[in-house]
Amino acid sequence: MDVIEALKRALSEKNVLASVESCRPYECDGLSAYREKPLAVALPETVEQVKSVLRICKAHKVPVITRGSGTGLAGGTLPLKDGIVLGLSKLSEIIKVDPLQRTAVVQPGVRNISVSQAVEKYGLYYAPDPSSQIACSIGGNVAENSGGVHCLKYGLTVHNVLSVTVLNMDGEEMVFDEKDDGIDLLALLNGSEGLLGVIVEIKLKLLPKPEAAQLVMAAFRSVSDCADAVTSVLEQGIIPAGLEMMDQFSIIAAEEFAKVGYPVDAEALLLCEVDGSHDQVQTDAQRVADILTGKGAYQIIVSQSEQQRIDLWQGRKNAFPAVGRFSPDYYCMDGTIPRNKLAFVLDEINRLSDNYGLKVANVFHAGDGNLHPLILYDANKPGELELTEDFGTEILNLCVDVGGTITGEHGVGVEKLNSMCHQYNTPELEIFHGIKAVFDDTGLLNPGKAVPTLHRCAEVGQMHVHNNQLPHPHLERF
Amino acid sequence: MSVATPHAIQQFAEQIQQANVDKQTIQITGNKSKIPLGTEDFNGEPVQELNISDYSGIIEYEPAELVVTVKAGTPLKELQAALAERNQMLAFEPPDYGNSTIGGTYAVGLTGPSKPFRGVLRDFILGVKLIDGQGRQLGFGGKMIKNVAGYDVSRMLAGSKGSMALVTEMSIKVIPLAQEVTYCIEMPENEAILLMNKMAGTALPMTGGAYYQGRFYYRVAGEHPAQTNRVGVRECTNDIWVTLNPFRPELQEGEKLWRVDVESTNPAIENTIAVGMGGTRRWVASPNKPNHPYVTLWQTKFAPRHNDTPHVQKIKLGLRDVFDPNHIFKQL
Ligand SMILES: Cc1cc2nc3c(=O)[nH]c(=O)nc-3n(C[C@H](O)[C@H](O)[C@@H](O)COP(=O)(O)OP(=O)(O)OC[C@H]3O[C@@H](n4cnc5c(N)ncnc54)[C@H](O)[C@@H]3O)c2cc1C
Ligand SMILES: Cc1cc2nc3c(=O)[nH]c(=O)nc-3n(C[C@H](O)[C@H](O)[C@H](O)COP(=O)(O)OP(=O)(O)OC[C@H]3O[C@@H](n4cnc5c(N)ncnc54)[C@H](O)[C@@H]3O)c2cc1C
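Note on numbering: residues in each chain are counted from 1, in written sequence order. For naming, the first written chain is A and the first written ligand is 1, with later ones following in the order written. Residue-level local features of this predicted model are given only where pLDDT is at least 70; pairs of side-chain atoms are given and counted only at 80 or more, and the full residue set underlies all totals for whole chains, interfaces and linings. Water and hydrogen atoms were dropped before computing side-chain values, which therefore reflect all heavy atoms in the structure.

Overview of the overall build of chain B
- By the criteria applied, helices consist of DSSP H or I runs no shorter than four residues and strands consist of E runs no shorter than two, each listed in order from the N terminus. The secondary structure content of chain B amounts to 8 helices and 17 strands.
- With the C-alpha coordinates aligned to their principal axes, the bounding extent of chain B is approximately 70 × 50 × 35 Å.
- Any two residues whose heavy atoms approach within 4.5 Å are treated as being in contact. Long-range contacts, defined as pairs at least 24 residues apart, comprise 63% of the intrachain contacts of chain B with a sequence gap of at least 6.
- We get accessible surface area from the Shrake-Rupley algorithm with a probe of 1.4 Å; when it comes to residues, only the shown protein chains can shield them. A total of about 14,000 Å² of accessible surface is found on chain B, and carbon and sulfur atoms cover 49% of it.
- In this tally Asp and Glu are treated as negative and Lys and Arg as positive; neither His nor the chain ends contributes. For the purpose of locating charges, the reference atoms are NZ of Lys, CZ of Arg, CG of Asp and CD of Glu. Across chain B, the mean location of the 33 positive side-chain charges is 4 Å away from that of the 34 negative side-chain charges.

Looking at the site of ligand 2
Residues and elements named next belong to chain A.
- Near, as used in this document, describes a residue that has one of its heavy atoms within 4 Å of the molecule or strand being considered. Around ligand 2 lies a shell of 32 residues, among which Thr66, Thr71, Ser132, Ser137 and Ser146 are the nearest.
- Counted as a polar contact is a pair of N or O atoms within 3.5 Å, where, for protein atoms, one must be capable of donating a hydrogen and the other of accepting one, and residues adjacent in sequence contribute only when both atoms are in side chains. One nitrogen or oxygen atom from the main chain of Thr66 is found 2.6 Å from an oxygen atom belonging to ligand 2.
- At a separation of 2.5 Å, an oxygen atom of ligand 2 approaches a polar side-chain atom of Ser132.
- Its free accessible area being 970 Å², ligand 2 has 91% of it covered by the protein chains.
- Residue assignment for the shell around ligand 2 shows that the elements contributing at least two residues are β3 (64–67), α5 (138–144) and β10 (198–205).
- Counting residues per element, the shell around ligand 2 draws most heavily on α5, at 5 residues.
- Polar here means any residue outside two lists: the nonpolar Ala, Val, Leu, Ile, Met, Phe, Trp, Tyr, Cys and Pro, and the charged Asp, Glu, Lys and Arg; Gly therefore counts as polar. Broken down by class, the residue content of the shell around ligand 2 amounts to 8 nonpolar, 20 polar and 4 charged.

Describing the sheet that holds strand β4 (residues 67–71) of chain B
All names here are of chain B.
- DSSP bridges decide pairing: two strands pair if at least two such bridges lie between them. Strand order in the open sheet formed by 5 strands is β3-β4-β8-β6-β7, with antiparallel pairing between adjacent strands. Unpaired on one side and paired on the other, β3 (58–62) and β7 (137–141) mark the two borders of the sheet. Neighbouring strand axes in the sheet, compared pairwise and without regard to direction, differ in orientation by 15 degrees on average.
- Throughout, an axis means a line fitted to C-alpha atoms (over the contacting stretch in the case of helices), and angles, computed between N-to-C directions, take values from 0 to 180 degrees. Against the sheet, helix α2 (residues 76–85) engages β3, β4 and β8 (165–173), with an angle of about 25 degrees to β3.

Details of the site of ligand 1
All names here are of chain B.
- Inspection of the region around ligand 1 gives 30 residues, with Ile28, Gly30, Lys32, Ser33 and Thr101 positioned closest.
- In this structure, an oxygen atom belonging to ligand 1 sits 2.7 Å away from a main-chain N or O atom of Gly30.
- Between ligand 1 and Leu297 there is a distance of 3.5 Å, counted from an oxygen atom to a backbone nitrogen or oxygen.
- Across the complex, the protein chains shield 94% of the 960 Å² of accessible surface that ligand 1 would expose by itself.
- In terms of residue count, helix α3 (residues 102–108) provides more of the shell around ligand 1 than any other element does, 5 residues in total.
- Its residues placed into classes, the shell around ligand 1 shows 14 nonpolar, 13 polar and 3 charged.

Regarding the nonpolar core
- One finds A:Val164, A:Phe176, A:Leu185, A:Leu292, A:Ile435, A:Phe439 and B:Ile172 to be the most contacted residues of the largest nonpolar core, which totals 135 residues.
- Discounting residues that sit within four places of it in the chain, A:Val164 has contacts with A:Val142, A:Met174, A:Val175, A:Phe176, A:Leu186, A:Leu189, A:Ile199, A:Glu201 and A:Ile202.
- Among buried residues, those of type Ala, Val, Leu, Ile, Met, Phe, Trp, Tyr and Cys that are joined through side-chain atoms within 4.5 Å constitute a nonpolar core. Only protein chains enter the area calculation, which uses a 1.4 Å probe; residues under 20% of their type maximum are buried, those over 50% are exposed, and those in between are partly exposed. A:Leu11, A:Leu54, A:Cys57 and A:Leu88 belong to the second-largest nonpolar core, a separate cluster that totals 26 residues.

Some thoughts on the sheet that holds strand β8 (residues 161–167) of chain A
All names here are of chain A.
- In spatial order, the strands read β5-β6-β10-β8-β9; together these 5 strands make up an open sheet with antiparallel pairing. Two strands lie at the open edges of the sheet, namely β5 (94–98) and β9 (173–177), each paired on one side alone. With strand direction ignored, the average angle separating the axes of adjacent strands in the sheet is 15 degrees.
- Summarising the sheet, β5 and strand β6 (residues 103–106) pair through 4 bridges and their orientation is antiparallel.

Details of the domain arrangement of chain B
Residues and elements named next belong to chain B.
- Reported domain spans reflect what an automatic or database domain assignment gives. Domain assignment breaks chain B into domain 1 (7–176 + 317–323) and domain 2 (180–292).
- Measuring from the centre of the C-alpha atoms in domain 1 to the corresponding centre in domain 2 gives 29 Å.
- Buried surface at the junction of domain 1 and domain 2, both sides included, amounts to about 1,200 Å², of which 58% is carbon and sulfur.
- Two parts placed together each lose some accessible area under a 1.4 Å probe, and adding up what both lose gives the buried area. Among the residues of domain 1 in contact with domain 2, Tyr97, Pro113 and Phe117 are the three that bury the most area, contributing 46% of the side total.
- Salt bridge, as used here, is a side-chain nitrogen of Lys or Arg placed within 4 Å of a carboxyl oxygen of Asp or Glu. The residue Glu180 makes a salt bridge to Arg118 at a minimum N-O spacing of 2.5 Å.
- There are 3 residue pairs in polar contact (both at pLDDT 80 or more) connecting domain 1 and domain 2.
- Classifying every residue of the side of domain 1 that touches domain 2 by side-chain character gives 7 nonpolar, 3 polar and 4 charged.

What follows is the structure, given as C-alpha cells:
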C-alpha cells in the first residue's frame, strides 16, 4: 500500500489531499516566491490521527512538513515534492481555560487571536500579538517563537508558554513543562521550526488586561535624533508596551494609505505606547512626551481617547500593505541590531538601495532592535527577485556584523539558510545538527530547513572568498 | 573575524581538552555555595576541579540597550550592585546563597519571588559563550532581545548544572529598578492562595505573592490604588522577599526541606512552611517526600528528581552526548 492510501485509511478520504488543485493552497506559506507541490496534504482531526500520520510516514520514510496556518514568512512550511504536509488547522479546540490560574490549554491549530477572544470575559488576554494574529496558529507561534508589537514589555512566545506536548516520528508523546528540572527543553522547542517534533498541545500563560493605554506620537527631523530619544526613554526607566519607528518612505506610504495625520515631512516617526494602571499611564505618557520633546521631537501628539489611540496605530499597522501599493511585490526582512547602530545601518541600507536600484522602506520595533526593511521589487522582471534576495542577504550580513542577528522573529526556514552560515561557525552548526538528530533520528521532520548543511556553508563561504565571482559583481560592497 | 581569546578561557579550553586525553572527569565550580562540590565526586572518586570564580567582571553594559554581558564567575552581588547604580536590576531576582556566581545561578536555573509576574531566569538570557566537552569555544544567541536564528541553546542550558558545558559568559536582559511596596494581611493559607491568584488576575501591578507564618504578603510595583483602606491590610517592609529568597528555614530533627512546584491554585499542601511565587512554589518540611510530580529535595547535594519519562530521559542523555561526547563533565 502506498503512503497516500495508508493515510486515507488512517484519516478519511476527504482529509487527505493529493490532487494538484487541492494541494495548491499548501504549496507555499507567506514567502510565496518559493513553491512546491507536496506528495499529499494530511489534515488530521485528532491527536491520535496525527500519531498515525507520523507512524505511517516513518514506515514509508516520507518527510513530514508540519503546517499551522501557513503565514510564516521564511518558507518554513515549504513542501517537498516527495513529502507530506501535515496540516494542523483542524486541531483547533481551546481545551481548557482556568481564569483563576490564568492559563489556557489549547490545540496547535487554534488561531492566536481566538485565545484572547475566548478569555476576554475574564479580563485576561494572551500577550504575544504578531501582526498576523487573526490567522496564525498557536502551534506555529511556538514553532517560530513569534513576537509582536508588545514583546519588549510582555515577551515573546517563549515567555508566555508554560508547557507543550510534542510528538516524535514514532507518534510518542513528550511533555515539556516549565516546572521540569534540569535543562530547559521547553525553551528549546520554542523556535524549533518543526524540526524537533510536532507540537500537539500548548499551555499558555494569560495576563490581566491593562486598565489603560495611551499613545505618544512624535515626529523627528533625523533618524539619529529619534533613536537617541528612544534611548532616553529606556534609560529613564520606562518600558513602553509598544515602541515603533518608521522612516520617511514608510510614513508617507502609511499616511497616504490610512490618512491618520502622520507628518509626511518627518524623517522619522515614533509611536510610543504606555499601558498599565490609570495613574501610571498618565504619569508615563507625560514623561515620555517630555523626554521626546527634550530630544528634538518637533511635533508630538498624545492620544486623548481610546479612539484616537487606535486611529494613530492604523498607519503603522498597515505599513506593509501601504508600502506594498508602491510596487508589484515586496520582500520583508527581519534583522535585529543594537539600537545604537540604527542610524548607521539605515544609512548603509540606503546606500545599498541605490546600488541595487531597489527601493526600501524601513519599519523598526525600536524597543527591541528588530528591523523590518521592505524591499520593493517586481517578480515579473527577469532577475529582479534574485537581485532582491541578494540585497536582503547583504542587509542580514550587515546586521550580524554590527552585533545583531539575521532574524528577530520570522525564523530561518529556507529563506535565511545562507545567512545562518554568516552568523554561526561550523562547531555551532554541528551542535544544531546534533540536537536535531537526538529528537529526530529519522531526519524526516521538516528536513532541509532552519539549519544549513556544512556543505552548503562551505559553498557560501567560497562565494565570500572569491569576491570577484560574487553574483552582481558590478555592485559596490562594503 | 578573530577576536583575541582571554588567557583564562584558553586555559579552561586546554584543561578540558587535556581531560579528554586523560579520561579525567571535571567538576565545574563557581563559588561552591552548593557544597560540597570539591575534588571528589559523590562516590568518593577523584575529580578534577575547574573553578571559574576568578573569571569575573562585567564585559559590556549599556543601560539603554537593557542588556548586560558578564563573565560567568561574577558574584551576583557585584552584578546587582553595578545594575543598581544605573537604576536597573535582574528581573528574575536570583537568590544569593552567599557569594553565588551568576554562572552558578544560571547553571542551576534559580529565580526569585517575581517568577509568575516577570518570568524565570532563562527568559532573560539572550546569549551565552561556552566551552563544550571537547574544549571547543562556542557562542549561542547574542545580545539581542529578539533572536530566533538557530535553536535556543542559551536558554536550554539554563539548569544544566555543569553537566554539559562550561558557560563562560552570558548576556542578560535587564529591567528598570522597580519601586516596590509590600502589604500583608493575616488569614488562613487556603484563603491566601485563593486571594493571591485572584489579585494576580487584576490590573494591580503585582510582583510578588507569598504566604508565611500566618500572613499573606503581596508586593506591588509603581503607582497603584491605595491598599491599606481594606480591612486588615497594612504596609510592611520588603524583608519578607529576602526571607523567602533564598529560603533557609531551621528544620526539626529528622525533617527535610522539599521544594514543590505546583499550579498556582493548588490547595494547601501538608507540612508547608512557606508559599512563594504567587502560589507556584511550596516549601515543605517533612521527613517524607510530598506526593507531587515536581518535587526536589533541597539539600547541599543536588538531588535529581529522576522523574523523566523514558522518552524525555533518552533525549536528555542524547543531548549530553552532543555537548560532551566523552562524558568529561561530572554528572549529578
Ligand atoms: C544549603 C544549600 C542548599 C542548596 N540546595 C540546592 C538544591 O538542592 N538544588 C539547587 O538547584 N540549588 C541548591 N542550592 C542553591 C545553588 O546550588 C547555589 O547556591 C547557586 O546559587 C550556585 O552558585 P555558585 O556560584 O556557588 O555555584 P556552585 O555552587 O559552585 O555550582 C553550582 C552548580 O553550577 C555548576 N556551575 C557553576 N558555574 C558554572 C559555569 N560557569 N558553567 C557551568 N556550570 C557551572 C556547578 O557545576 C554546579 O553543578 C543550595 C544552596 C545551599 C547553600
Ligand atoms: C502579514 C503578516 C504579518 C506577520 N507579522 C508577524 C509579527 O508581527 N511577528 C512575528 O513573529 N511573525 C509575524 N509573521 C510571521 C508568521 O505569522 C509567524 O511566524 C507565525 O507564528 C506563523 O504561524 P503559522 O500558524 O502560520 O505557522 P506556519 O507558517 O504554518 O509554520 C511556521 C513554522 O512552524 C512550523 N510549525 C507550525 N505548526 C507547528 C506545530 N504544531 N508543531 C511543530 N511545528 C509547527 C512549520 O513547520 C514552520 O516551520 C507575520 C506574517 C504575515 C503574513
